[in-house]
Structure formats: C-alpha cells, structure tokens
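# Breakdown of the fold
Take a look at the letters that make up each chain.
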Amino acid sequence: MRGSLWQLGQSITRRLAHGDKKAVARRCFASEAELKKTVFHDFHVAHGGKMVPFAGWSMPIQYKDSIMDSTINCRQNGSLFDVSHMCGLSLKGKDAVPFLEKLVIADVAGLAPGTGTLTVFTNEKGGAIDDSVITKVTDDHIYLVVNAGCRDKDLAHIEEHMKAFKAKGGDVSWHIHDERSLLALQGPLAAPVLQHLTKEDLSKLFFGEFRVLDINGSQCFLTRTGYTGEDGFEISVPSEHGLDLAKAILEKSEGKVRLTGLGARDSLRLEAGLCLYGNDMEQHITPIEAGLTWAIGKRRRAEGGFLGADVILKQLEEGPKIRRVGFFSSGPPPRSHSEIQDEGGNNIGEITSGGFSPCLQKNIAMGYVKSGLHKAGTKVKIIIRGKPNEGVLTKMPFVPTKYYKPS
Amino acid sequence: MALRMWASSTANALKLSSVSRPHLLPPFSFSRCLSSVLDGLKYADSHEWVKHEGSVATIGITDHAQDHLGEVVYVELPEPGGTVSKKSGFGAVESVKATSDINSPISGEIVEVNKKLTETPGLVNSSPYEDGWMIKVKPSDPSELDSLMGPKEYTKFCEEEDASH
C-alpha cells in the first residue's frame, strides 16, 4: 500500500505550486525541518495533530478525531482551524481602492466600510492568479487575505503593480500582517462561543462584515466569513495572544468546538461547492468559467478596468467554453484529473476536486465540462483507473450553506 | 533525563503489550502510534499482511496502514481467477482524503475476494486482520514468503518509517 495523509499533504502542496515554476523547485527540495511553523505548532502536536507539509508550512491535517467526524462536527457544533499559513495584508492610502480595482474583479469602491467580499486577482488573460477575501475597513484602508500557496506570487504581483501605480503619483502603501495569526472559528456554535469573549454584540455583525475589536483581551480583526459553508468567523489576532485565544475558544465551548485540520477543511469547502485554488481555479481559468460571475460587480461589468477585462467581458457576452459543475457518482470517489465522458464515451471534461462527502455519505466532485453539457441532471461517466463509473451533474453547494445574513 | 528514560521504558512496555494482546487498547494518548501487529503473519514494506495456511494465502492491509489512511470509504478489488504478482498492485483503497494502491506481497492465482468490502469498506478499519481481509491467493512460489518481514521486524520498520516523516 502506498499513500498516506503525509503524501496527501505533499500532493496538495504540489498542486498549489503548479504553474509557479520557481515555487515548484523550492518546495520539492524543502525538507520537513525547513517548513515554517505557526505560533500554534506545538499546541497542535500536543493535541494529537498530524503535521504535514502544506504550501511550505507544517500544518495539521487531522487531530485525534477522524476527518469524517471532524467534518460532521463542524456542521453540528463547530471547528477551530489554524489558518495562519494564509497571508493577511493591508493596503492603505487615498488611492488604495482604485489601485486594488486594477487587480481584482470586485466593485471595491461600492463596498460599504466594514464589509467585504470574495474576489479574484486576474492576470492579463483574465485567468485567476488567486482568490481572496477583501474587506474595506475605511475608504483608504483595505484588509485582505490570500491563499498560502499563492503568497509569493501574489505579493510579487501586487508589488510590481504598486511600483508602477506610485510612479504615476498614486497614493498607496501596504503592510503584511506577519505579526498576526489567523484562526477560523466555524459552525453553529461559533457565534455563541465567541460572544463570551467579546463585549461587542455579534448578532449585529453579518456575513461578510468586518470589525476591529477586543476579543479575549487583544485587538483582533474579525470577519464574519469562512470557507466551510457554515456561519463563522476568521479572526486575525496578534501572534503573542493567539494561543490564549485558541484555548479560550475551546474552553468556552466545553469541548464541542473541536480543533480541526486541513483534511476536514477540504471536505467542508468541497461540500459547500467552494473552489480550491490550484485544483478548481488556476491561471488559465477565468472567474466566468469558475462560476464566479456573481463576484464581478455590476459597475465593473460595464466598465472593466481590471487585468484581463477584455477576455472576461467577452465571455460575459458570449458565454464561456467550459463551466465548473458539481457531480454525484458511484464507485470509487473521483479525484483531481479524472476524465469525464458523455454517455457515448466522448471526453467532455475533467474532475478538479472530489472525494467522499462525510455529511452526505456519498461521492461528490466538481470539475469542468464543455458549455452546453453543463445542465444539472446530465448523466456522465467518470473514468477512474481506466474504468467508467456512473455520474450525474448537480448544482452546488452539495450541502446547503448557513451564512448569517439579515432576514 | 530520568523522566525521558521512564517514558521510554513505558513505551517499550506498551509495545510488548500491544504485540502480545492485540485487542487491548493502550490507555495512553499516544496509543495511535502503537498499531497492532499480529504473530503468525508476514508483512510487506508496503504495509500488506499475508497469512499462509495450507495451499491458500490470505492478504489484507495492516492496522498501521489503515490508521494512516483514515476511514476507508471504498475498496477496489480484482475478480477471482485473475493473477497477482509480487510487489505489483491488485487493487486500491479510498479514504475520505486519499487513494492508495494495494500491492500483493506474493505472486499467485486469486481464488477468492472479500465481497463484504463492497458494502462495508469500514471493515478494513475496524478489523484489518480478520473481517477486513481482501483476497485469497494460491501462491505460485511459497518461498516468496520467506523474504517478507516477521512481526518484530515489521514493528521496527513502522517505527522507523514514522520517525522519518
């Protein structure tokens, strides 16, 4: 038998590194001793965390709970994730908004202060460089978080464009929040537990909204968001207070909120129909193809003004050639790169993410098929180890989302 | 220093205990590191076990293997009548997060396949050495078994492999 969770970590790392030649070389040669550690590393190990290499970091893929149990517990009670490997940064200056609008598809100017959204950084061909959650703190301050595996190229990309922008007189600067750590508290108990640790009324903070506030005695950046489909928060905490906060959250939940690793996080985001950059989204995939048309603000569809706008606006007008869709299937769980065929045996696409859904107790997957063949209910064959397996297209999310929104 | 020695001797005692009484779950938090290993079986470095009785050898994956995999959600096995070759793959195990090939420790003809695993793949987790068996093979060369590891050797192999990751 070959393969283990350790190799899974390697596999994800390689996928994330794909398309970034320098990163590939560096990561392939990184020994485990050279992996970066979050401030929670020893805490993870002490709690039975199985640490694996992930995007250059030593991260917990699982704790004592199985991945199956962790996934289900997140949706029933709650999960606490260390996502400090992701990169948080702030853009500041009078022109921070117009600067960022050159790089992402979101209507940043249209965001109210204290609100955020999922967006995509695009390249000149309209392909996705990374997806990111951006938040407008004030009209001259944007806080954003980018994926760990994309950090180096994202920062290089932003820096390059910032130099050009400033050379033309633009007022923008940045700060990378490496002095902070990031926790994701997700699930139905997230809000009641966190409420114990802050005086601010969290029932008035809705999905996508942001606050700077005191939590458990330290100044945190709080966003009501996550990548699980559940109600919950991402909490940026000064690193020196991170451990105290993690312990306080676990203590307040009396054992119901569980430490949860990247393995369950991947199951949760897949069940929620969310893209994993490096699998479901890459440099050659546009936001339109990825099903993120909703993330292009109305004004931006009219005006463009972001990298690759010509390609994207054309796809908006004519429709894309391929589309991301969901699948149910029988037999072995589909994995990335499984071929998709129509019932006549013709290739119509490829799986980009798949696995067994702990909540649904059946196989789920997402991938890209040719436009015109993307209707829910369409029957397909998914080829795994050379054998066809029955599949059917479905809308996503697979598990309904529970974002906290005004009723 | 003394504390470290104490911990080390305790771990050794636990290992002995788990070898001689495989169904006794050690009470300590690091018990996951002490997957059970049975006497009377032979083991491959790709974490399959073989039990040779008479003209038939039964094959499955070890407790150590299923522990690393996590919950098994699908087992893909060949049809009876086919052949397997030493060190070559004959099937696959799917967990929530990973796919792993299963290699045969020996060569021979497949005479029986565990059909229960189609409906209940979790047997590989709950009973890797008994109900979770995978295939039965008529060995073409029983002497191939001689090059496989015994339980003590395999236990040491697993410890070294885990330590290196």
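Throughout what follows, the structure given in this document is the object of discussion. (Residues numbered from 1 in each chain as written. Chains lettered and ligands numbered in written order. Predicted model: local features only at pLDDT ≥ 70, side-chain atom pairs only at ≥ 80, totals over all residues. Heavy atoms only, no water.)

## A few points about the overall build of chain A
- Scanning chain A from N- to C-terminus turns up 11 helices and 19 strands.
- For chain A, buried positions account for 60% of its 407 residues.
- At a minimum sequence separation of 6, the contacts of chain A that also span at least 24 residues come to 66%.
- Surface accessibility of chain A: about 16700 Å² in total, with carbon and sulfur atoms responsible for 53%. (Helix = DSSP H or I, 4+ residues; strand = E, 2+ residues; numbered from the N terminus. Buried < 20%, exposed > 50% of the residue type's maximum accessible area, 1.4 Å probe, protein only. Contact = heavy atoms within 4.5 Å. Areas by Shrake-Rupley, 256 points an atom, 1.4 Å probe, with all protein chains shown as cover.)

## Structural notes on the sheet that holds strand β6 (residues 89-95) of chain B
All names here are of chain B.
- Here 3 strands make up an open sheet; going across it, the order is β4-β6-β7 and the pairing antiparallel. Each edge of the sheet is formed by a strand with only one pairing partner; in this case those strands are β4 (72-76) and β7 (99-103). Direction aside, the axes of adjacent strands within the sheet are offset by 25 degrees on average.
- As defined by bridge partners, β4 adjoins β6 across 4 bridges and the pair is classed as antiparallel. Bridge pairing in β6 places Val72 opposite Ser95. (Pairing = 2+ DSSP bridges. Axes fitted to C-alpha atoms, helices over the stretch in contact; angles between N-to-C directions.)

## Points about the sheet that holds strand β4 (residues 87-92) of chain A
All names here are of chain A.
- On the basis of which strands lie adjacent, the open sheet formed by 5 strands has the order β5-β6-β7-β4-β8 and antiparallel pairing. The open sheet has two edge strands with one neighbour each: β5 (115-122) and β8 (173-176). Strand-to-strand, the axes of this sheet are offset by a mean angle of 25 degrees, without reference to chain direction.
- Of the strand pairs in this sheet, β4 and strand β7 (residues 141-146) are connected by 6 bridges, and their pairing is antiparallel. Considered in β7, the bridge of Cys87 is made with Val146.

## A word on the packing of helix α5 (residues 96-103) of chain A against helix α6 (residues 151-167) of chain A
All names here are of chain A.
- Look at α5 against α6: their axes get within 11 Å of each other, and the N-to-C directions meet at 125 degrees. By the angle class used here, α5 and α6 are oblique. As α5 packs across α6, the resulting crossing turns out to be right-handed. For the pair α5 and α6, the contacting residues are Phe99, Lys102 and Leu103 in the first and His157, Ile158, His161, Met162 and Phe165 in the second. (Parallel < 35°, antiparallel > 145°, perpendicular 65-115°, else oblique. Left-handed = near helix turned anticlockwise from the far one by under 90°.)

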